[in-house]
Structure formats: structure tokens, C-alpha cells
Amino acid sequence: MGNPKQPVVIFSNVFKSFGTVQALRGISFELLPGEAFAILGHNGAGKITSIRLILGLLKPDSGAVRLFGHDPYPEDELNRKRRQHIGVVQEEDRLYLQMSSEENLLFWLALYGVQKQQRKERAFSALSWVGLEKRGQGKVGTYSKGMRRRLAIARALVLEPQVLILDEPTVGLDPEARVEVRELLERLIHREGLTLLMTSHDLDEVEKLCKRLIVIDHGQMSLAGTLSELRAGQQPELSIKLVREGEGIIHESLFQELTALPFVTRLELNGNMLTVMLNKGEEEFISQVVARLAGAGVGIAEVELYQRSLEEIYLQATANHKGNSD
Amino acid sequence: MNPMLILFRKELGIAKRPTYWASCLLMGALMIWIYVHTPIETIKTIAQTSPQIADYLATSWPQMFALLQPLWLFLLTWLLLSSEVFTMEKTDGRLEMLLTTPLHLREIWVAKCLALLVLVYPYVLLVSCLVFGLQSYVWPVQLGLDFHISTVTLSMAVCVGPLLAFGLAALLGLLALMVSNANVLQSISFFVTFAVGFGGNYALSALQKQAMSNLSELISWPVVNVYLAIALMLWVLILLLLRRLDKDHVVRYMA
């Protein structure tokens, strides 16, 4: 569908409000073909509004939303056909509980105009994908939450979409079901090359699945980039474990000398643990710090460059953003 | 196949539910009890003292039924079914999922309304035929009175009453999509319909006893025309609202 290098989704300076509430304020991002992308943010930040805009369920107040290069909102034949290329899994599974899982999928396939002779085969194949082929005739109302979520994913996959949009795919699931769903998504991204856009509060999951992300806070974008870019944007933190501990282990003059280095922003000694904060992007000076310590006869047991987790980056971004807005 | 037709067929699946059949049986039995069985004793008692009044009652009872009950029965059955078809579909978010499919919002409304019409109208028709059929079969035997039903009464019961009810019901279906709290609308509609049905029946009975000469012709062509005019106005209103039906407006009120 369209140019393989063209972004699947383009969000360009999008504003959307509901009455007096401004849900989105100037959000811009692009979703590229074959990538796994996450929209993060607290409840009410504007994640669902963004997804609804991509799906053409809402109309932006200003700015532009493009799906496969076109405005997804108008109810025209072009958009009717385009919807076949998008699989959607919402936070609540939104399945027909009185129907069996097979009936749910057959109904969905029929809505998309799939030929009758192909429907059974595709439904079975999607159920096999999510490991529900043996429970195909069972009423969905009797399923566990994990099974329902897997069926919701099967319903999205049965269309053989190019893009899969997931809203909180593992929320409310027990740890076992969470792992099952995550493994399923990993298979889809890595083996099937599906383009994936997801929202989640589980930052571990996002870290495992997605390469690029944005953080929305109160409708505004507070962070955007790939995980490595976001980490690079953080101040490198060096943890140096010293052989000995106690007062005077680092001489006052050495301490001052290290603090005065242009690439060092902060120096802290706790017990035998020396923490050195460096300027952004100046990791190459780590060796100089270590050499000066060694030169002064300070015994070093271990050196570790601390990598901030996505959770820490996220919390810092939302806190900074909150501080700026206040 | 057209997706609208697929949705229409899916909604017809409600007919498989025991709750649908139980509601239909219960309300049908209630109608037969009120309009076939109960009048027998009343008319019999009155006939002993005043055969003329008994004659009048035998004529007016089917008219009372035709004036209000098909409309009431249609709306009440519709509202029972529409809680799942319209309200829960919206509040549970399945409507939002349907909007991500090739279906358009207006098509969803049309498919749902047509499915409910197919489920409700034959039932109302069946109850009307049963009531009139039993009246014409049982009353002459039990009461020794001639039973005849006029064309205007019959057309009111099987055609004009349900047509007006369908207009009202379709409007409620449309409003359920448009308003922010579809559950409240559903509950209010149900209780108002319930109260109007029972209250109207009671009021008509009271009127019938107090002013029988004026009510000898409860249903006449002018009354039918009023029903038709209201139905027409409702459809004009529906068409106007349909022009304003906007996906953005509907989705923004979803959780």
C-alpha cells in the first residue's frame, strides 16, 4: 500500500480539544513502515485521542493526520478500503461475548468483504497464531482475560494488516498472560515485519518491543526519539566502586581537581562508591577520570556506566514537563 | 457482501437468545389476558343489566387495543432489545471497533434499526392478529355477541401504530448514538414507555366508562391521519439529525 518508504502515519502539529479540555497540543511524529513505535503518557495524556485520530474516528481541530498518505477521517470508498490494512486492539477487548471466537473472527472477516470460502481458513490460521485453535467453538464469555486479549489480537491479525495498533495490550493481564502476549507481539514484529504502534504503561514491555517512542504529557509532547537517542540525551552517570572505604580515601585536592574537570558536572562519594556525573555525550572522558584516580593511588574495584531505564527517562521527562508547565 | 448486510444479519442473532423469547411470550400473554380474557367477565356482567353498553364495550375494546397497544408493544420490545444493540454496543466500545471497519456510522444505524424492525414488527403483528383473532373467535361463543372489526381499527393496529412506533424507536436509536450518556436515555425511555403504556391503558378504560357515547368511535380516519402526521414529522426530524450525525461527535463521548 503506497510507497514502502513513505511514513505509514504522519502527525503534523495536531491540536484537538473537547470543549474546554485541550487533549492534544501540537503533537508531531511519524510512524515508519516496519517499525515498532510507542506512545507513552499517563492516563488522560492524549494517547487514545492520538490513536482515534489515526483511525479516522476523530477529526483534528488543526494540523494534519495522514494514514498511508491520506486523511483518514472522511467516510469515503478510499478510506473504506484502507481500513483493511489496519488491525486494532483496544484496551478493553470489545469482543462479542455471546459468540464463539470463530464466529467473532468470521463476522469480522465478513465485514471486511473477505470471500466466504477464505474466511474459515483465515480464522483458523489466526486462532492458531494466538494458540486458541482448540477453543474456537467456545463462547468468548467463558474465556479468561488473557484468552480474550489473545482473541482480540487474532481479530486484528486475521485481516493480515500492514499496521497493528495496540492500546495497552497487556493491561489487566496476569504475569503469565502478559508474557504470552509480549512473546506473540515480538514474533509479529521480528518475524512478520509488521508495523506496530502501541500505547502502554508497562515501560519494560515498551523497552522490549519498541525502538522509537514519544511521551505525551497533558496533550503536549515531552520527549521523542529512539531509545538510544533518549539515553544519549541523558547525563552519563559513572559508578566507580573503590577498593577501600572511609574518610580520606580520596584526598581533598583530588576531589577538587576532579570536580573542576570541564566534563564533570557532579561528584559524590558514598562509602566506597564514587558517582561521577558527566556532561551529555561526553562518555569518552570516562577513561580520564579513571586514570586520574589510579594515578593518585586510589584502588578501583569496578567501573560501571549506568544506563538509565526507560522508566527513569520517562519519569524525568514528565517531571521536567510538569515543572515547566507550572 | 455489503458490510451493512453483515451487521444486519449479526444483529438478527438476538432472536436466538432465550431472553428475547421470554420477553415476547410474557408481553404477548399480558396482552391476551387484558384484551381477550378480562373483557369477557366484564362484558358478561354488564350484559345482564344493559345489553347496549355490553355491545358498546365489545366494539370499543379492540379499538382501545389498536389505539395504544401495538405502539406500546413495539416500543417496549424495541427498547428491551436496543439496550444491547445500541446502548451496550456504544458503552462497551464495540461501536468504536465497528467504526474502524469499512462500515460507516449511518450504515451502522440503518443496519441496527432494520434488524430490530425485523425482530419486533412481526411480533407486534402476531400479537395484534392473536388478540383480534381470539376476540373474534372466543367472544361470540362466550358472550353471544357479534364481533366485527373495522378497517380503520385494523389498519391502525397492524400498520399505522407500528409505523409511528418505528419512527420513535429509530429516533431513540439515533439519539443513543449521539448523546453523551446513552444509558440514561435508555432507562428514561424505557420507564416513560412503560408508564405511558400502562397509564394510557388505564386512562382509556376510565374514559370509556365515563363518557362512552363520545368514545364510541375511538379510532377514526382523522385519528389515523394524526398518527401518520406525527410519524412523518419524526422521520423529517430523523433525516435532519442524520445530516448532523458526525463520527467525531459520537466518538468523543465514548470512554
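Calculation rules
Residues numbered from 1 in each chain as written. Chains lettered and ligands numbered in written order. Predicted model: local features only at pLDDT ≥ 70, side-chain atom pairs only at ≥ 80, totals over all residues. Core = buried A, V, L, I, M, F, W, Y, C linked by C-beta atoms within 7 Å. Buried ≥ 20, exposed ≤ 12 C-beta atoms within 10 Å, placed from the backbone. Helix = DSSP H or I, 4+ residues; strand = E, 2+ residues; numbered from the N terminus. Contact = placed C-beta atoms within 7 Å. pLDDT = per-residue confidence, 0-100. Pairing = 2+ DSSP bridges. Axes fitted to C-alpha atoms, helices over the stretch in contact; angles between N-to-C directions. Nonpolar A, V, L, I, M, F, W, Y, C, P; charged D, E, K, R; others polar. Parallel < 35°, antiparallel > 145°, perpendicular 65-115°, else oblique. Left-handed = near helix turned anticlockwise from the far one by under 90°.

Grouped together as the largest cluster of nonpolar side chains are 143 residues, with contacts concentrated most on Leu105, Leu151, Ala154, Val158 and Ile165 of chain A together with Phe74 and Leu75 of chain B. Per-element tally for this core: the top contributor is helix α3 (residues 51-91) of chain B, with 20 residues. Setting aside anything within four residues of it in sequence, one finds Leu105 of chain A in contact with Ala123, Ala126, Leu127, Ala154, Arg155 and Val158 of chain A. Leu238, Leu274, Val276 and Leu278 of chain A belong to the second-largest nonpolar core, a separate cluster that totals 7 residues.

Looking now at the confidence of the model for chain A. Of all residues in chain A, 95% have pLDDT values of 70 or greater, and the mean over the chain is 86. Here helix α11 (residues 310-325) of chain A stands out as the least confident element of chain A, with mean pLDDT 72; strand β4 (residues 62-67) of chain A is the most confident, with 96.

This next bit is on the sheet that holds strand β11 (residues 264-270) of chain A. Residues and elements named next belong to chain A. With antiparallel pairing, 4 strands are arranged side by side in an open sheet as β11-β12-β10-β13. The open sheet has two edge strands, β11 and β13 (300-306), and neither has a second partner. Neighbouring strand axes in the sheet, compared pairwise and without regard to direction, differ in orientation by 15 degrees on average. Seen against the sheet, helix α10 (residues 286-295) touches β10 (237-242), β12 (273-278) and β13 and runs at an angle of roughly 160 degrees to β13.

Looking now at the sheet that holds strand β3 (residues 36-40) of chain A. Residues and elements named next belong to chain A. A sheet is described by the order of its strands in space; here 6 strands give the open sequence β5-β6-β7-β3-β8-β9, paired in mixed fashion. Of all strands in the sheet, those with a lone pairing partner are β5 (86-89) and β9 (220-226), marking the two edges. Averaged over all neighbouring strand pairs, the angle between strand axes comes to 15 degrees, with direction disregarded. Relative to strand β6 (residues 163-167), β5 is paired through 4 bridges, and the arrangement is parallel. Looking at the pairing, Gly87 lines up with Leu164 of β6. Against the sheet, helix α1 (residues 47-54) touches β3, β6, β7 (195-199) and β8 (212-217), its axis set at about 150 degrees to β6. The strands touched by helix α5 (residues 145-157) are β5 and β6; relative to β5, the strand with the most contacts, the crossing angle is about 165 degrees.

This brings us to the environment of Trp21 of chain B. All names here are of chain B. Mapped onto the elements of the fold, Trp21 is located in helix α2 (residues 18-49). Assessed through the 11 C-beta atoms surrounding it within 10 Å, Trp21 is described here as exposed. For Trp21 and Trp72, which are 51 residues apart along the polypeptide, the C-alpha to C-alpha distance reads 18 Å.

Counting buried positions over the 11 residues of helix α3 (residues 101-111) of chain A gives 9, a clear majority of the element. Summarising the contacts, the buried residues of α3 of chain A are in contact with α4 (116-129) and α5 of chain A together with α1 (3-12) of chain B. Directly after α3 of chain A, the chain includes Gly113 of chain A, whose backbone phi takes a positive value near 75 degrees.

A few words on the interface of chain B and chain A. Across the contact, 19 residues belong to chain B and 18 residues belong to chain A. Broken down by secondary-structure element, the contributors of at least two residues to the side of chain B that touches chain A are α1, α4 (94-99) and α9 (247-252) of chain B. Its residues placed into classes, the side of chain B that touches chain A shows 8 nonpolar, 4 polar and 7 charged.

A positive phi angle, close to 55 degrees, is found at Arg94 of chain A, a residue other than glycine. By secondary structure assignment, the location of Arg94 of chain A is in the loop between β5 and α3.

This paragraph deals with the packing of helix α6 (residues 151-178) of chain B against helix α8 (residues 221-244) of chain B. Residue and element names in this part refer to chain B. Orientation of α6 relative to α8, taken along the N-to-C sense of each, is 20 degrees, at an axis distance of 9 Å. One finds that α6 runs roughly parallel with respect to α8. As for the relative orientation of α6 and α8, their crossing is left-handed in sense. Seen from α6, the contacting residues are Val152, Ser155, Met156, Val160, Gly161, Leu163, Leu164, Gly167, Leu168, Ala170, Leu171 and Leu174; seen from α8, they are Trp221, Val224, Tyr227, Leu228, Ile230, Ala231, Leu234, Trp235, Leu237, Ile238, Leu241 and Leu242.

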